[in-house]
Amino acid sequence: MKFPLTGISSVAIHTAGHDNADFSHLTPIYATSTFTFDSAQQGMERFAGSDKTKIYSRWGNPTFTVAEETIAALEAFGLYNDDGSRLQLKALLHASGQAAMATLFFSNLCAGDTILSHFSLYGGTHELMHKVLAETGIKTTIVDMRDLNKVKEALRNDPSIKLVHIETPANPTIKCVDIEEVALLAKQFNCIVSVDNTFATPYLQQPFRYKVDFVFHSTTKFLNGHGTAIGGVLIGKDIPLMRTKIWKWHALLGGNSNPFDAFLLTQGLKTLELRMERHCHNAMEVAGFLEQHPAIEKVNYNGLSSHPDYAVSAKQMRHPGALMSFEVKGGLEAGKRFIDKLQMCVRAVSLGTLDTLVSHPASMSHFGLKPEERLQYDITDGLIRMSVGIENLADILNDLDQALS
Ligand SMILES: *Cc1c(COP(=O)(O)O)cnc(C)c1O
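Participant: Can you break down the layout of surface pockets residue by residue, with the values?
Facilitator: In this structure, the largest pocket spans a volume of roughly 1,100 Å³. Thr15, Glu69, Ala72, Ala73 and Gln88 are, among the 46 residues lining the largest pocket, the residues nearest its centre. Among the secondary structure elements, those contributing two or more residues to the lining of the largest pocket are helix H1 (8-14), helix H3 (62-76), strand S1 (90-94) and helix H9 (239-253). Looking at which element gives the most residues to the lining of the largest pocket, the answer is H3, with nine residues. By volume, the second largest pocket is sized at about 950 Å³. For the second largest pocket, the lining is made up of 41 residues, of which Leu121, Tyr122, Gly123, Gly124 and His366 are closest to its centre. At the level of elements, helix H4 (97-108), helix H5 (123-135) and strand S6 (214-218) are the ones that each hand at least two residues to the lining of the second largest pocket. No other element matches the six residues that H5 contributes to the lining of the second largest pocket. Classifying every residue of the lining of the second largest pocket by side-chain character gives 15 nonpolar, 18 polar and eight charged. There are two domains that each give the lining of the second largest pocket at least three residues, and those are domain 1 (8-269) and domain 2 (274-404).

Participant: Which residues make up unusual backbone geometry, and what values go with them?
Facilitator: The amide bond that connects Thr168 to the next residue, Pro169, takes the cis arrangement and shows omega of -5 degrees. Turning to its location among the elements, Pro169 is positioned in the loop between strand S4 (161-167) and helix H7 (179-188). Cis geometry marks the peptide bond from Asn171 to Pro172; its omega dihedral reads -25 degrees. Looking at the secondary structure, you find Pro172 in the loop between S4 and H7. In the Ramachandran plot, Thr201 falls in the positive-phi region, its phi being about 70 degrees despite a non-glycine side chain. Looking at where Thr201 falls in the secondary structure, it is placed in helix H8 (residues 201-204). The backbone of Ser350 shows a phi angle near 75 degrees, a positive value even though the residue is not glycine. With respect to the helices and strands, Ser350 occurs in the loop between strand S10 (346-347) and strand S11 (357-359). Judged by relative accessible area, Ser350 falls into the partly exposed class, the value being 28%.

So, how was this worked out
Residues numbered from 1 in each chain as written. Predicted model: local features only at pLDDT ≥ 70, side-chain atom pairs only at ≥ 80, totals over all residues. Heavy atoms only, no water. 1 Å grid on protein atoms, 1.4 Å probe; cavity = no way out; pocket = protein on both sides within 12 Å on 5 of 7 lines; lining within 4 Å. Points joined across faces, edges and corners; volume = space filled by probe spheres on them. Helix = DSSP H or I, 4+ residues; strand = E, 2+ residues; numbered from the N terminus. Nonpolar A, V, L, I, M, F, W, Y, C, P; charged D, E, K, R; others polar. Domains from an automatic or database assignment. Buried < 20%, exposed > 50% of the residue type's maximum accessible area, 1.4 Å probe, protein only.

Shown next as structure tokens:
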């Protein structure tokens with residue numbers, strides 16, 4: 001284009017999918033496992049080239065490409081390299097967030113290496129580290145990264161730390177880590193830095209601004225936005241590395257997406273800004289309402305000045321996001337009663353869908369743990385986790401109010 005696009009919606013809608021056959025407006029669902037060659041020569045050229053998207057769909061597929069190019073453009077939007085050129089990124093779409101996470105760790109680490117990460121990671125990330133990676137000889141050290149001295153001490157004392165993994169904001173109390181400060185420390189010790197940006201999305205937070213190496217998303221959540229498909233994406237700024245080793249490990253581990261889910265994702269991405277504006281506006285209002293409510297003990301929302309990470313969140317995020325948790329007075333029974341009385345809000349785990357999702361970790365996702373174990377993860381008996389949707393605000397407030405009465 002002759003002029004730079006000025007906003008995220010234009011980038012989300014116009015970046016990719018222009019070279020479609022048969023004048024198709026949208027890139028079709030390329031439901032094909034393989035692609036044909038006109039000649040041996042053409043086959044040879046496609047294998048030798050850097051574009052591996054028209055050979056075999058485990059290696060890439062034009063429907064995946066639309067989602068990959070759009071997500072890369074969103075994460076790079078408005079960012080520049082030190083020499084003043086525009087930041088370029090490469091994204092690889094995966095079958096799930098977990099598959100993208102497996103590619104991230106296995107392509108960057110080997111036996112004897114250590115990951116440095118923090119408390120309250122997504123459950124699947126925590127288990128991948130402590131079960132799967134541990135058996136392959138890749139260790140994980142957990143510190144409270146909101147204390148930079150602890151990060152420095154860990155990096156100084158353990159030269160096997162090769163990768164620093166940050167997830168911010170994080171469940172269930174919406175803790176935030178200062179990406180810039182942790183990345184600066186990690187770089188002093190020559191570590192790779194990866195950020196799980198699932199809760200924030202590139203509209204709210206762009207970790208590449210702080211010179212991190214990789215950004216990860218479960219696209220299942222806000223990027224798809226409609227709860228229609230599982231997916232994950234790994235984005236990197238070292239493009240030759242993304243095209244070689246990272247792509248190779250992704251293809252060999254078999255974590256490829258599929259054309260239908262990729263198509264659903266590309267449609268969801270177009271409304272990211274509109275949806276996030278509404279999600280965040282509703283969330284701020286809901287948090288304020290709950291904080292004043294006599295049946296509520298405590299609200300954990302990074303947009304409230306009472307939240308311990310309010311300042312870090314304000315520094316690195318456009319808006320505080322759509323996730324929060326709160327404690328209902330009266331413990332386990334009160335939490336269950338509240339959940340059961342909801343009329344419109346939906347009882348489900350997951351997050352980032354159009355509808356408001358509410359879960360009660362003590363009776364659902366973390367039911368199998370003993371209460372003292374749950375407390376290690378800040379999960380008290382009355383704690384409710386909520387992903388605020390884009391419904392009309394008054395209806396969300398009315399539902400919460402009647403369920404709390
Ligand atoms: C959901 C989620 C994941 C895992 O993604 P899947 O798509 O379920 O495999 C990882 N990190 C965060 C923060 C998540 O919310």
